[in-house]
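Summary of structural features
The primary structure of each chain is shown beneath.
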Amino acid sequence: MEKIIEVVSIKQVKKSLPKKYQSTFEEGLPVVKSPGVVVEFLQKMIGDEDRENFMVIGLDIKNRIVSVHRAHVGSLNASLVHPRELFKSLILNNCASVIFAHNHPSGNCWESPEDLDVTKRLVEAGNLIGIDVLDHLIVSDTDFNSLAQKGMM
């Protein structure tokens, strides 16, 4: 019996942001100088979701947002993520750095021990492959928490 070798190609399909989110970034690709630049956008996009959504926001070398990827939708209080799935879109988009974010459907944006563990693993993975993890944001529709601002990264 002959062995078959599969030829694989990877193609990224780019889509525009839905119109309801575009108003946040009316002036084109925003330069991220603080969490506030992306928090309003994230609150509109996932702040009121009823399950945890894990977002990957890729930035170029000038800290401009170049990609937004909803990497995982979890349960009411958990989102199981693995670095290989989260960094894939960043590598495909030639990103220099990343901001990870997820929502807490409860509205409480305090970090859990699991949030801190995931952040530590993501920072380590980013260091290994050369993509800087700038922040891990936790958002609700009215509040947010920046692990970088709290010195937890």
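Please refer to the structure placed before this passage.
Below or above, wherever it landed, is the structure these notes cover. (Residues numbered from 1 in each chain as written. Predicted model: local features only at pLDDT ≥ 70, side-chain atom pairs only at ≥ 80, totals over all residues. Heavy atoms only, no water.)

**Section: the overall build of the protein**
Secondary structure summary: the protein contains 4 helices and 5 strands in total. Seen in sequence order, the protein has helices and strands lined up from the N terminus as α-α-β-β-α-β-α-β-β. Among the 153 residues that make up the protein, the fraction classed as buried is 41%. Considering only contacts within the protein whose residues lie at least 6 apart along the sequence, 67% involve residues at least 24 apart. If you sum the accessible surface of the protein, you get close to 9600 Å²; carbon and sulfur atoms cover 53% of it. (Helix = DSSP H or I, 4+ residues; strand = E, 2+ residues; numbered from the N terminus. Buried < 20%, exposed > 50% of the residue type's maximum accessible area, 1.4 Å probe, protein only. Contact = heavy atoms within 4.5 Å. Areas by Shrake-Rupley, 256 points an atom, 1.4 Å probe, with all protein chains shown as cover.)

**Regarding the pattern of salt bridges**
What the rule picks out here adds up to 5 salt bridges. Residue Glu40 pairs with Lys44 through a salt bridge whose shortest N-O separation is 3.6 Å. On the criterion of helical spacing, the pair formed by Glu40 and Lys44 is a turn pair, its members being 4 residues apart in helix α2 (residues 36-46). Assessed through its relative accessible area of 45%, Glu40 is described here as partly exposed. Lys44 gets classed as partly exposed once you look at its relative accessible area, which sits at 33%. A salt bridge links Asp60 to Arg64, with the nearest nitrogen and oxygen atoms 2.8 Å apart. For Asp60, a relative accessible area of 12% corresponds to the buried category. (Salt bridge = Lys/Arg side-chain N within 4 Å of Asp/Glu carboxyl O.)

**Focus: the packing of aromatic side chains**
All told, the structure shown has 2 aromatic pairs when counted by the stated rule. Measuring from centroid to centroid gives 5.9 Å for Phe54 and Phe100, while their planes differ by 45 degrees, and the two rings are tilted. Of this pair, Phe54 sits in strand β1 (residues 53-59) while Phe100 sits in strand β3 (residues 97-103), placing them 46 residues apart in sequence. Like Phe54, the residue Phe100 is buried in the burial classification. With a centroid separation of 5.7 Å and an interplanar angle of 75 degrees, the aromatic rings of Phe87 and Phe100 are classed as edge-to-face. A residue pair is termed long-range when its members are at least 10 positions apart, and Phe87 in helix α3 (residues 83-92) and Phe100 in strand β3 qualify at 13 residues. Note on accessibility: Phe87 and Phe100 belong to one class, buried. (Phe/Tyr/Trp six-rings, centres within 6.5 Å; stacked < 30°, edge-to-face > 60°.)

**Observations concerning the environment of Asp115**
Looking at the element boundaries, Asp115 is found in helix α4 (residues 113-129). Separated by 21 residues in the primary sequence, Asp115 and His136 have C-alpha atoms spaced 8.8 Å apart. Beyond its immediate stretch of four places on either side in the chain, Asp115 contacts His102, His104, Trp110, His136 and Ile138. There is a polar contact of 3.0 Å between the side chain of Asp115 and the backbone nitrogen of Ser112. (Polar contact = N/O pair within 3.5 Å; in protein donor to acceptor, adjacent residues only side chain to side chain.)

**Considerations on the nonpolar core**
Proteins that are soluble and globular tend to have nonpolar side chains buried together. One finds Val32, Val38, Leu42, Met55, Ile65, Ile99 and Leu137 to be the most contacted residues of the largest nonpolar core, which totals 15 residues. Looking at this core, the elements that each hand over two or more residues are α2, β1, β3 and β4 (132-139). In terms of residues, this core owes the most to one element, α2, which gives 6 residues. The contact partners of Leu42, leaving out residues within four places of it in the chain, are Gly47, Met55, Ile57, Ala101, Leu137 and Val139. Counting 14 residues, the second-largest nonpolar core is a separate cluster that includes Val56, Val81, Phe87 and Phe100. (Core = buried A, V, L, I, M, F, W, Y, C linked by side-chain atoms within 4.5 Å.)

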